[in-house]
Amino acid sequence: MEVHEFQAKELLEAQGVPVGRRVVARTEEEIGPALDRLGRDLAGYVVKAQVHSGGRSRGHFPGGSAGGGVRCAATACEAEKLARAMLGRRLATAQSGEAGKPVAAVLVEEAVPVAQEFYLALLLDRRAQLPLLLASNRGGVAVEESVQEHGILREWIRASTGPCQFQLRRMALALGLAEEQREEFCSIARAMGRLFWEKDANLVEINPLALTTEGRFRALDAKVVFDDSGLFRQDAIRALRDPSQGDWREERAERLGLSYVALGGTVACLTNGAGLAMATMDLLQAAGIRPANFLDLGDSAGVESVTEAFRLILDGDGVRCLLINVFGGTMRGDLVAEGVLRALAGKKLSLPLLLRLEGPAAELGRAMLREHIPGVKIVEDLNGLEEAIRQGI
Ligand code: GDP
Ligand code: MN
């Protein structure tokens, strides 16, 4: 689960990471009073659109004002204007795609003069099965390019001890930090570690971690991603969820105990079981076809779940074709067919449908679908499915 930058900064600040003075406005009416609280005579302001996406400064507002989602303002009045122009619009970034994400809130910060920008992140390295601390002295908006060219410092961290002093000192030296800055750097990294462990995070990232012209560190941007599997014991974190930022179908599926994943292609897929879902994705991929989404029914879905599931995939973005690949172990074929037909609610299916349905009462299920969806293409088994996909569905 992701949270907004302003929420990530609050969590980091609570652990002792230096973060700038700032205010948040969620509505137009809150903008003026927020700037009053921040102060209207500061030397400069930074206005930042709050969306669950990186690369905001290089993003744009389709059909809206020019400029990205991170803007500098010389006066409070200008900051107010920028905040008004961002709030409620959609911000498109390289990560979010052209559809963009709605700006749910605006963060206004006191601008600080920056001498150098660092990248510092703690993330779970699944291959090493250890947390990994990454750092670079060329942080900022172009960090990906700079890592390609100059590499990045790595320290694997033992979960039992957290980052060790010698590891942090080694990193501080490799980053070229002056003696006065090394201890502050180490304490920031340790604070990130506490947040990571205490709140079940998968990623705690500060980019840029700025060194100000006064020689102090300050987190100018922050991103924290939490492990979904840990949320059951993190009530305070769960409460930070902003449903406006995700694909609403993913949220809805989760509430129903199903899992829906949006993938951006054209074929909507209904399957049962994570393994079969992955195998289906592989079959499509191997044929050069991009899935629009997949919905995994699991193994205990009833008619109502199938109905909701089919509605969700039908409604997915960019869907031009449907694929049902269900191998019913405990799931009856007639139940799957019943759910699909209920989702259509008597309406004609206007998209092509490819069906592979096996398991108990599969023959009955296929017959029901053949009767009500005349264009349905039914394959008998996995080989038939593979062949149909290879031919472009
Ligand atoms: P991102 O594009 O979504 O990663 O947005 P960031 O929050 O990282 O902001 C983009 C860039 O704006 C940063 O890399 C900084 O260079 C700059 N920036 C953000 N806040 C400040 C600030 O308070 N002072 C100065 N001088 N620059 C800032
Ligand atoms: Mn950033």
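What to know about the sheet that holds strand β6 (residues 105–110)
Then, number 1: Sheet architecture is open: four strands sit in the order β1-β6-β2-β3, paired in antiparallel fashion. What marks the edges here is a single partner per strand, and that holds for β1 (22–25) and β3 (70–73). Sheet twist, expressed as the average angle between the axes of neighbouring strands with direction ignored, equals 20 degrees.
Then, number 2: Here six bridges tie strand β2 (residues 45–50) to β6, and the two strands are oriented antiparallel to one another. Within the sheet, the bridge partner assigned to Val46 lies in β6 and is Glu109.

Quick word on the domain arrangement of the chain
Many authors give the size of an interface as the accessible area that is lost as the parts come together.
Then, number 1: In terms of domain boundaries, the chain breaks down into domain 1 (21–110), domain 2 (114–238) and domain 3 (248–390).
Then, number 2: In this structure, domain 2 and domain 3 have C-alpha centres spaced 42 Å apart.

A short note on the side chain of Lys48
Then, number 1: By the element assignment, Lys48 lies in strand β2.
Then, number 2: Relative accessible area serves as the criterion here: at 6%, Lys48 is assigned to the buried category.
Then, number 3: From its side chain, Lys48 meets the backbone oxygen of Leu220 in a polar contact 2.8 Å long.
Then, number 4: Not counting chain neighbours up to four residues away, the residues in contact with Lys48 comprise Glu5, Lys9, Arg56, Gly69, Val70, Met86, Ala105, Val106, Leu107, Leu220 and Asp221.

Description of the nonpolar core
Then, number 1: Membership of the largest hydrophobic core comes to 38 residues, with the highest contact counts inside it found for Leu120 and Phe185.
Then, number 2: Elements represented by at least two residues in this core include exactly α1 (5–14), β7 (114–125), β8 (130–136), α5 (165–174), α6 (179–198), β10 (201–212), β11 (217–219) and β12 (222–226).
Then, number 3: Ranked by the residues each element gives to this core, the list is headed by α6, at eight residues.
Then, number 4: Setting aside its immediate chain neighbours within four residues, Phe185 contacts Leu120, Leu168, Met171, Ala172, Leu175, Leu177 and Phe217.
Then, number 5: With 35 residues, the next largest nonpolar core counts Ala301, Val306, Ala337 and Leu355 among its residues.

Quick look at the site of ligand 1
Then, number 1: In the vicinity of ligand 1 there are 17 residues, among which Lys48, Arg56, Ser57, Val112 and Glu117 approach most closely.
Then, number 2: At a separation of 2.6 Å, an oxygen atom of ligand 1 approaches a polar side-chain atom of Ser57.
Then, number 3: Residue Glu117 places a side-chain N or O atom 2.4 Å away from an oxygen atom belonging to ligand 1.
Then, number 4: When the free accessible area of ligand 1 is taken as 570 Å², the share hidden by the protein chains comes to 84%.
Then, number 5: Put simply, ligand 1 lies in the largest pocket.
Then, number 6: Taken together, the elements giving at least two residues each to the shell around ligand 1 come down to β2, β7 and β10.
Then, number 7: Split into classes, the residues belonging to the shell around ligand 1 amount to eight nonpolar, four polar and five charged.
Then, number 8: Counting contributing residues per domain, the shell around ligand 1 is built from domain 1 (21–110) and domain 2 (114–238), each supplying no fewer than three.

Things to note about the layout of surface pockets
Then, number 1: In this structure, the largest pocket encloses a volume near 1100 Å³.
Then, number 2: If you trace the largest pocket, you find 43 residues lining it, with Gly55, Gly140, Val141, Asn207 and Asp221 closest to the centre.
Then, number 3: Residue assignment for the lining of the largest pocket shows that the elements contributing at least two residues are β2, β3, β6, β7, α4 (143–150), β10 and β12.
Then, number 4: Class assignment for the residues of the lining of the largest pocket results in 20 nonpolar, 10 polar and 13 charged.
Then, number 5: Taken together, domain 1 (21–110) and domain 2 (114–238) each give at least three residues to the lining of the largest pocket, which thus spans both.
Then, number 6: Counted as a void, the second largest pocket has a volume near 630 Å³.
Then, number 7: Elements with a minimum of two residues in the lining of the second largest pocket: β5 (97–102), α8 (248–255) and β13 (259–262).
Then, number 8: Broken down by element, the residue count for the lining of the second largest pocket peaks at six residues, all from β5.
Then, number 9: A class-by-class count of the residues in the lining of the second largest pocket yields six nonpolar, 10 polar and nine charged.
Then, number 10: Here the lining of the second largest pocket spans two domains, and each of domain 1 (21–110) and domain 3 (248–390) adds at least three residues to it.

So, how was this worked out
Residues numbered from 1 in each chain as written. Chains lettered and ligands numbered in written order. Predicted model: local features only at pLDDT ≥ 70, side-chain atom pairs only at ≥ 80, totals over all residues. Heavy atoms only, no water. Pairing = 2+ DSSP bridges. Helix = DSSP H or I, 4+ residues; strand = E, 2+ residues; numbered from the N terminus. Axes fitted to C-alpha atoms, helices over the stretch in contact; angles between N-to-C directions. Domains from an automatic or database assignment. Buried < 20%, exposed > 50% of the residue type's maximum accessible area, 1.4 Å probe, protein only. Polar contact = N/O pair within 3.5 Å; in protein donor to acceptor, adjacent residues only side chain to side chain. Contact = heavy atoms within 4.5 Å. Core = buried A, V, L, I, M, F, W, Y, C linked by side-chain atoms within 4.5 Å. Near = heavy atom within 4 Å. Areas by Shrake-Rupley, 256 points an atom, 1.4 Å probe, with all protein chains shown as cover. 1 Å grid on protein atoms, 1.4 Å probe; cavity = no way out; pocket = protein on both sides within 12 Å on 5 of 7 lines; lining within 4 Å. Sits in = over half its atoms within 2 Å of the grid points. Nonpolar A, V, L, I, M, F, W, Y, C, P; charged D, E, K, R; others polar. Points joined across faces, edges and corners; volume = space filled by probe spheres on them.

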